Each structure stands twice: as structure tokens, then as C-alpha cells.
Amino acid sequence: MSDTNEMSGTSEQRRQFLKTSVGAAAVAIAPGMLMFDMAHGKTEAVSGKVRWGMLINTANCADCDKCVKACNKENGLSGGLSPTDSQWIRKVELKDLRTGRSLALPMMCQHCAEPPCVDVCPTGASFKRADGIVLVDKHICIGCRYCMMACPYKARSFVHEPLHDQKPDVPRGKGVVESCTMCVQRVDVGKIPACAEACPNKSILFGNLNDPNSEISNKMRTEASTQVRADLGLDTGLRYQGI
Amino acid sequence: MNLLCDQSDGMASSSLRRALHLDLLVTVTVRVTIFLVALLCLSNIASAAESSGSVAGSYGMPKLDIGKGGHCVAPPEWMRINHMKVLFKQRDETVHQGIRAGGKYSLENCVECHASLSDNSVIGRPDSFCEGCHRYEAVKIDCFECHSSKRSVALVQEVPK
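What you see is a predicted model; the values in this text were computed from it and never measured. (Residues numbered from 1 in each chain as written. Chains lettered and ligands numbered in written order. Predicted model: local features only at pLDDT ≥ 70, side-chain atom pairs only at ≥ 80, totals over all residues.)

**Digging into the overall build of chain A**
Definition in use: Runs of H or I in DSSP of at least four residues are treated as helices and runs of E of at least two as strands, each being numbered from the N terminus. Residue burial here comes from a neighbour count, namely the number of other C-beta atoms, placed from the backbone, that lie within 10 Å of the residue's own C-beta, with 20 or more meaning buried, 12 or fewer meaning exposed, and in between meaning partly exposed. Contact definition: two residues whose C-beta atoms, as placed from backbone geometry, lie within 7 Å.
Looking only at helices and strands, one finds seven helices and nine strands in chain A. Within chain A, buried positions represent 31% of all 243 residues. By sequence separation, contacts in chain A at least 24 residues apart represent 61% of the contacts at least 6 residues apart.

**Some words on the sheet that holds strand β9 (residues 238-241) of chain A**
All names here are of chain A. To keep it simple, the criterion reads: Strands pair, by our definition, only if DSSP identifies at least two bridges between them. For helices, the fitted line uses only the C-alpha atoms of the stretch in contact; every axis is such a line through C-alpha atoms, and the angle between N-to-C directions lies from 0 to 180 degrees.
On the basis of which strands lie adjacent, the open sheet formed by three strands has the order β8-β1-β9 and mixed pairing. Two strands bound the open sheet, and with one partner strand each, they are β8 (204-208) and β9. Here the strands of the sheet are splayed against their neighbours by 20 degrees on average, with no regard to which way each runs. In this sheet, β9 lies alongside strand β1 (residues 52-57) in parallel orientation, the contact comprising four bridges. Counterpart to methionine 54 in the pairing with β9 is leucine 238. Its contacts with the sheet place helix α7 (residues 215-222) against β1, β8 and β9, and it is angled at close to 110 degrees to β8.

**As for the environment of Leu205(A)**
Residue and element names in this part refer to chain A. Position of leucine 205 among the secondary structure elements: in strand β8. Taking the C-alpha atoms as reference points, leucine 205 and proline 162, 43 residues apart in sequence, are found 34 Å from one another. The residues touching leucine 205, leaving out its near neighbours within four places in the chain, are Met54, Leu55, Glu215, Ile216 and Lys219.

**Concerning the pairing of strand β2 (residues 90-95) of chain A**
Residue and element names in this part refer to chain A. Counting buried positions over the six residues of β2 gives zero, only a small fraction of the element. As paired elements, β2 and strand β3 (residues 102-107) share six bridges and run antiparallel to each other. The residue bridging valine 92 from the neighbouring strand is leucine 105, located in β3. Count of turn residues in the β2/β3 antiparallel hairpin: six residues, of which glycine 100 carries a positive phi of about 85 degrees.

**Thoughts on the nonpolar core**
Put simply, the rule is: Residues enter a nonpolar core if they are buried, belong to Ala, Val, Leu, Ile, Met, Phe, Trp, Tyr or Cys, and are joined to the set through C-beta atoms within 7 Å.
Grouped together as the largest cluster of nonpolar side chains are 45 residues, with contacts concentrated most on Met54(A), Cys71(A), Ile89(A), Cys195(A) and Ile204(A). Of all the secondary structure elements, the ones that give two or more residues to this core are β1, α2 (66-75), β3, β5 (134-136), α5 (184-187), α6 (194-198), β8 and β9 of chain A. For this core, the leading source of residues is β1(A), giving four residues. Dropping the residues within four chain positions of it, Cys71(A) is found in contact with Leu77(A), Trp88(A), Ile89(A), Ala194(A) and Cys195(A). Counting residues in hydrophobic clusters, the runner-up holds eleven residues, among them Cys110(B), Val122(B), Ile123(B) and Phe144(B).

**Things to note about unusual backbone geometry**
Residue and element names in this part refer to chain A. For arginine 145, which is not glycine, the phi torsion reads 70 degrees and is therefore positive. As for its placement among the helices and strands, arginine 145 is situated in the loop between β5 and α4 (146-150). A positive phi angle is found at aspartate 165, which is not glycine, with a value near 55 degrees. If you trace the backbone, aspartate 165 turns up in the loop between β6 (157-158) and β7 (177-178).

**Considerations on the confidence of the model for chain A**
Applied cut-off: Known as pLDDT, the predictor's per-residue confidence is scaled from 0 to 100.
On average, chain A scores 89 in pLDDT, and the residues at 70 or more come to 84%. Taken together, the stretch residues 1-5 of chain A has pLDDT below 50 and engages in zero contacts with residues farther than four places along the chain or on a different chain.

**Brief notes about the interface of chain B and chain A**
Under the convention used in this document: Residue polarity follows a fixed list, in which Ala, Val, Leu, Ile, Met, Phe, Trp, Tyr, Cys and Pro are nonpolar, Asp, Glu, Lys and Arg are charged, and the others, Gly among them, are polar.
The interface is formed by 15 residues belonging to chain B together with 22 residues belonging to chain A. At the level of secondary structure, the elements contributing two or more residues to the side of chain B that touches chain A comprise α2 (76-97) and α5 (143-146) of chain B. Residue contributions to the side of chain B that touches chain A peak at four residues, all from α2(B). Of the residues in the side of chain B that touches chain A, the class split is four nonpolar, seven polar and four charged.

**Quick look at the pairing of β8(A)**
All names here are of chain A. Of all five residues that make up β8, four are buried, and the element is covered over most of its length. Alignment of β1 against β8, held across five bridges, turns out to be antiparallel. Its bridge partner lying in β8, tryptophan 52 is registered against asparagine 208.

**Overview of the confidence of the model for chain B**
The predicted coordinates ought not to be read in detail in places where the model reports low pLDDT. Residues and elements named next belong to chain B. Considering every residue of chain B, the mean pLDDT works out to 75; 61% of them sit at 70 or more. Residue range residues 1-12 is modelled with pLDDT below 50. Its contacts to residues more than four positions away, or to other chains, number zero contacts. Confidence drops under pLDDT 50 across residues 45-55; counting only partners more than four residues distant or on other chains, this segment forms eight contacts.

**Section: helix α4 (residues 129-137) of chain B**
Among all positions in α4(B), only Phe129(B), Cys130(B), Glu131(B) and Gly132(B) are buried. One or two residues past the end of α4(B) sits Ala138(B), with phi positive at roughly 55 degrees.

In C-alpha cells:
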């Protein structure tokens, strides 16, 4: 009798063990599947339900260029400052001559809702993605540089020299125009842009402007922010604080 | 007068025609035989070439370094004809619609499997996976002026000499 009791006890234990291990396996696999989806990006096209934007607080920008460095590293830029070097983010320093107040800010493609670069492009290479990111389709770009002249922010660069050892996710080449892509290769797999990630003060807030509950929308609702050259009516996706 | 002449001519020519027919028949038979023999020889050469490992019996086709290889996303015969079409389609979907998953025809995928195991690249040598055929066909590849021709993580570390 005691034997059977022991037996049934063992089988009960075994059953319990099996149940727990199956559960544990499920718990272990589920995030893995999620990670797979995240790492490999979406299978559907981007939609207008999302509009990516950034809110940049310039309070701590004075002695820091970590965003520029991170951008150069992520996108394989040389980091040179000559007129023919590509610069996707520039550190701009401003000084009010009357009051003497000075400030610095990172200036890059503002990802306008009404982008002038797209208006002037003769080939359709300059385009705005459904989620608001303004890009150059370098397969169509003929290097005419109209967009560079049209951009009020001087955000675009032309590649003058042949390039080597580009990053697999960021193809770049001679003869076409390029600019900040809001790190589209990262955004599409659920990450945030390199500059936002690298900012030591969390001064670059990246998020969905179309979602009223996103952190960026909440902050923009409660705190003052400005568009650079708001008078042009371009409805920029990047907003600044403290300028 | 004309009529008479025509008739006599007709009589003579009919026998000539018969002789010619025979001659023609012989020539045609000989030619067909030669053609068939030639065809047989050709097919033998082709099958020999195939068994020795080069591609589909074409002359002078390059032997390619297919890198890691393995299961291609589609049969190689189909890919030879259509790779550029599927690459263009996926390219447009990725650039304009941000679709980065589910598409098996990405350039990065090609390079990942087919970059050479000796130099991690699909271009640069006469037997490189992309360059080999493109040199043979005299078609310029623009892809790698901008895109990386190398595997993201090198499979083989260079052996120090």
C-alpha cells in the first residue's frame, strides 16, 4: 500500500515537473519570438497612423556633441567638417548679440510634413514616407542638388568622393544627396534613433506625434516648444525647447 | 511557235526534273545525317561538361565560389534569370514602405550566404559570386558602389602568415 502511495506520489511529482517545465519553456520562447519580430522588422508597410518626430531640449547642449558622434558611427559617416564631407547632424551655436545669451543645438533634417526638398525634386527621389520620415531614394537620385538648395535648414549633403566599406544597413555612395534618415534602419526594427539613444541628458525625445498618449505628445502638450523657421509653415517633425 | 517550243522544253525538263529530285533527295539525306551526328556529339559534350561541374553545359561559363551556399531562396536556374527583378521589388518595398522582414530577396541575404569564405565578399575576383557571372555577361553591377559587398560578420578569420 505504501508502495503504491509512493508510486502515485512520484508520478504526481513528475506531472508537476512536466507542467512547470512546459510553462517555463513557453515563457522562455514567447519573448524570443517577440525578439525575432523586433530584430527582423515589420512585414507590413508603414502607415500614416504614425508620425515620427523628436523633441529636443537644448538646455544641456552647450559642451556636448555625443549625438553627432553617435550619428556618424551609426551611419558610417567620416565625421569630417570640410565643405565636401557629409554632415547629417550639425552642432549649431547661436548668440544673441544684444543680450549676449548663447546656446547650442543639434540641427538636422526637420522631417517636415510639407518638405520643400520633395517639392523641387525633378525625379521623385526625394520623398516622404507614410510615417513622416523624409528620405532620398538613392536609386532614383541623379545628384542635381535642387533639394539642397531648397532646404531652409541646410540639412542635406552631397557625396563627392567614392566611398568604401559602407555599413550593410546604411548604403551610401558617390553622386547622390543624403541626409538624416531618422535612423530608419533602427526605427523599422523598433529601436530609437542613434542620436536619441546616445544623448547623455535624454534631451532628444523620439516618439509618435500622432499618438496623443505618447511621451512626446504629452510633453509637447504641457511644455513650450518651437519649430525652427515656423514662419515657413512646413510643420516640422522636430521641435526644439529653450531657443 | 512559242507554244511548240514550250512543249518540247517541257518534255526535256520533266526528265531533268526527275534526276534533280533524286539528287536533291540524296543531298538532303546526307545533310540530315550529318546534322544528327553533330547534334549527338554536342549533347555528349554538354552532358560531359555538366557532369564535370560547370553550369548547364554552356561554354566558358565561370565556376563560381558560392560561399556558404546551402538552400537558395529559389531554384538557381530561376534566380539566374530573375534575381534582378525580385531584388528591385524588395528594394522599393524596403525604401518606400519600410518593409524589412518577410522578404527573402534582400541583397543582404544574398551576401550573407554567398560571400566567399576566403575573403567574405561577393565581388572582387573572377570567381566571386556576383562578379563572376557579371563579368562573363559583361553586365555592370552598380549595387556595390553603395551597398556593402561583405558579410556583416566575417565567417572566416584571416589566417596570419
